[in-house]
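# Overview (structure and organization)
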Amino acid sequence: MLGGIFFSLAAGLMWGLVFVGPLMLPEYPAALHTFGRYLAFGVIALPLACMDRAELRRLSRADWLAALRLAAIGNVLYYLFLASAIQRAGGALPSMVIGTLPVVIAVSANVLNHQRDGRFPWHQLLPALVLILLGIACVHRVEWTALLQNPKASTTRYITGAMLAVGALVCWTWYPLKNADWLRAHPDRNPRVWATAQGLATLPLALLGYALFWLWLSLTDDALPMPWGPRPLAFVGLMMAIGLFASWLGTLCWNAASQRLPTALAGQLIVFESLAALAYTFMLRRQWPEPLTLAGVALLVMGVIAGLRVKPVKLGGA
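Residues numbered from 1 in each chain as written. Predicted model: local features only at pLDDT ≥ 70, side-chain atom pairs only at ≥ 80, totals over all residues. Heavy atoms only, no water.

### As for the overall build of the protein chain
We apply this condition: Labels follow the DSSP assignment, with helices taken as runs of H or I lasting at least four residues and strands as runs of E lasting at least two, numbered in each case from the N terminus. Every radius of gyration here is taken over C-alpha atoms, with the globule rule written as 2.2 Å times N^0.38, N being the number of residues. Relative accessibility thresholds used throughout: buried, under 20% of the residue-type maximum; exposed, over 50%; partly exposed, between the two (1.4 Å probe, protein chains only). The Shrake-Rupley method, run with a 1.4 Å probe, gives the accessible areas here. Residue values count only the displayed protein chains as cover.
Of regular secondary structure, the protein chain possesses 15 helices and zero strands. Taking 318 residues into account, the globule formula puts the C-alpha radius of gyration at 20 Å, and the protein chain, at 20 Å, falls close to it. Dimensions of the protein chain along its principal axes, counting C-alpha atoms only, are 65 × 55 × 25 Å. The 318 residues of the protein chain split such that 54% are buried. Of the roughly 14200 Å² of accessible surface on the protein chain, 70% is carried by carbon and sulfur atoms.

Structure, rendered in structure tokens:
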């Protein structure tokens, strides 16, 4: 249990980096952030695959198809939605939408995985979920008030960003549930190897997406300089950093956590991603959070602690 909590915390700290990437390079389209990140992830996975080639050979055709599905929906489509949402609505709103994941995943896992993990009593799980929702609501209230006070803010763009964030939420709800299903069904497999396999599966998707986006820019006479954009060193450096820490190492840590924790509890610990993203966003803004924001963070942490105290009840047993 302690090992699973540590690995989920490490994954959250690294995944939080992806929320500030689009804000650091706002002149780059979301598609270029997405395909650049996963191109870097795939390139990083290649030498790692050489080290783990014996283990990778053990993966069946069905395993590789599962890795490809996880890569397409949980990586590429998810981040395309998220990066687009961040560039339209800022970093805080998408962070809060993704912050509902502990609630969404815990409820989904309680419905879908109770045969395997046991069922968490709803009356015990509810207080933790309420605390998490209240914490998210507090932070969102602060960001919404700041938006209304900004005369340059675009309501349409903000709403579009919110809708894209919901799309990211759907993808990122599906990913940990399906990823945990595979890992729990293969307890003898190394989480590092499975993270590398997903990187390899992502590489052809990123190459294809990058090529098609480049072609689309050429056909539309877009002035964006390709292949690396107007700030090539900053772009390549950021993509490699996110690809290494957020994509590969973050996935590795999350795989390790998923093998050690029930899915519903692991789902609640994704709150660390939102907390990290919120911290990085305020660091980038160079401002201290409002008191209501800090209250929201405290509620989120209390909700996670309360959720960790709830024990699953196996079907047919006490």
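### Focus: a nonpolar patch on the surface
Test applied: The patches described consist of residues with a relative accessible area above 30% and no salt bridge, like charges being joined within 9 Å and nonpolar side chains (Val, Leu, Ile, Met, Phe, Trp, Tyr) within 5 Å. We count a salt bridge whenever a side-chain nitrogen from Lys or Arg sits within 4 Å of a carboxyl oxygen from Asp or Glu.
A cluster of nonpolar side chains, contributed by Val-107, Val-111, Leu-112 and Trp-122, occupies part of the molecular surface with about 360 Å² of accessible area. Looking at the nonpolar patch, the element that brings in the most residues is helix H7 (residues 101-112), giving three residues. For Val-111, the location among the structural elements is in helix H7. Given a relative accessible area of 45%, Val-111 falls into the partly exposed group.

### Remarks on the pattern of salt bridges
Inspection of every chain in the model, using the stated rule, returns six salt bridges. In this structure, Glu-27 engages Arg-231 in a salt bridge whose closest nitrogen and oxygen atoms are separated by 3.2 Å. Of the two residues, Glu-27 is situated in the loop between helix H2 (21-24) and helix H3 (30-51) and Arg-231 in the loop between helix H11 (191-219) and helix H12 (232-260); the sequence distance between them amounts to 204 residues. By relative accessible area, Arg-231 is classed as partly exposed at 38%. Notably, a salt bridge pairs Arg-192 with Asp-52, separated by 2.6 Å at the nearest N-O pair. Of the two residues, Arg-192 sits in helix H11 while Asp-52 sits in the loop between H3 and helix H4 (53-57), which places them 140 residues apart along the sequence. Looking at Asp-52, the relative accessible area reads 7%, which means it is buried. Three or more residues are tied together by salt bridges with common partners; here these are Glu-55, Arg-58, Asp-63, Asp-188 and Arg-189.

### Structural notes on the nonpolar core
How we decide: In plain words, nonpolar cores are sets of buried Ala, Val, Leu, Ile, Met, Phe, Trp, Tyr and Cys residues tied together by side-chain atoms within 4.5 Å.
Tyr-78, Leu-82, Ile-98 and Trp-194 are the most contacted members of the largest nonpolar core, which has 94 residues in total. Ranked by residue count, the leading element in this core is helix H5 (residues 61-89), at 12 residues.

### Notes on the packing of aromatic side chains
Think of a pair of aromatic rings as described by two things: how far the centres are apart, and how the planes are tilted against each other in angle. As a reminder of what qualifies: Aromatic pairing here means that ring centres of Phe, Tyr or Trp (its six-membered ring) are within 6.5 Å. Orientation follows from the plane angle: under 30 degrees is stacked, over 60 is edge-to-face, and everything else is tilted.
For the structure shown, the criterion picks out 11 aromatic pairs. Their ring planes at 75° and their centres at 5.0 Å tell us that Trp-15 and Trp-172 sit as a pair that is edge-to-face. One end of the pair, Trp-15, is in helix H1 (residues 2-15); the other, Trp-172, is in helix H10 (residues 155-185), with 157 residues separating them in the sequence. Across this residue pair, the class does not change: Trp-15 and Trp-172 are buried. Arranged with centres 4.7 Å apart and planes meeting at 5°, the rings of Tyr-28 and Phe-235 form a pair that is stacked.

### Some words on H11
Within an α-helix, residues lying three or four positions from one another point in the same direction, as the helix has 3.6 residues per turn. Condition: Take the residue count of a helix, subtract one, and multiply by 1.5 Å to get its expected span. Here the bend at each residue means the angle between axes fitted to two seven-residue stretches, the one ending at that residue and the one beginning there.
The terminal C-alpha atoms of H11 lie 42 Å apart, and with 29 residues this matches the ideal 42 Å at 1.5 Å per residue to within 8%. At Thr-202, H11 shows its maximal kink, close to 25°; a proline, Pro-204, follows between one and four residues later. Positioned one or two residues after H11, Asp-221 has a phi angle of 55°, which is positive.

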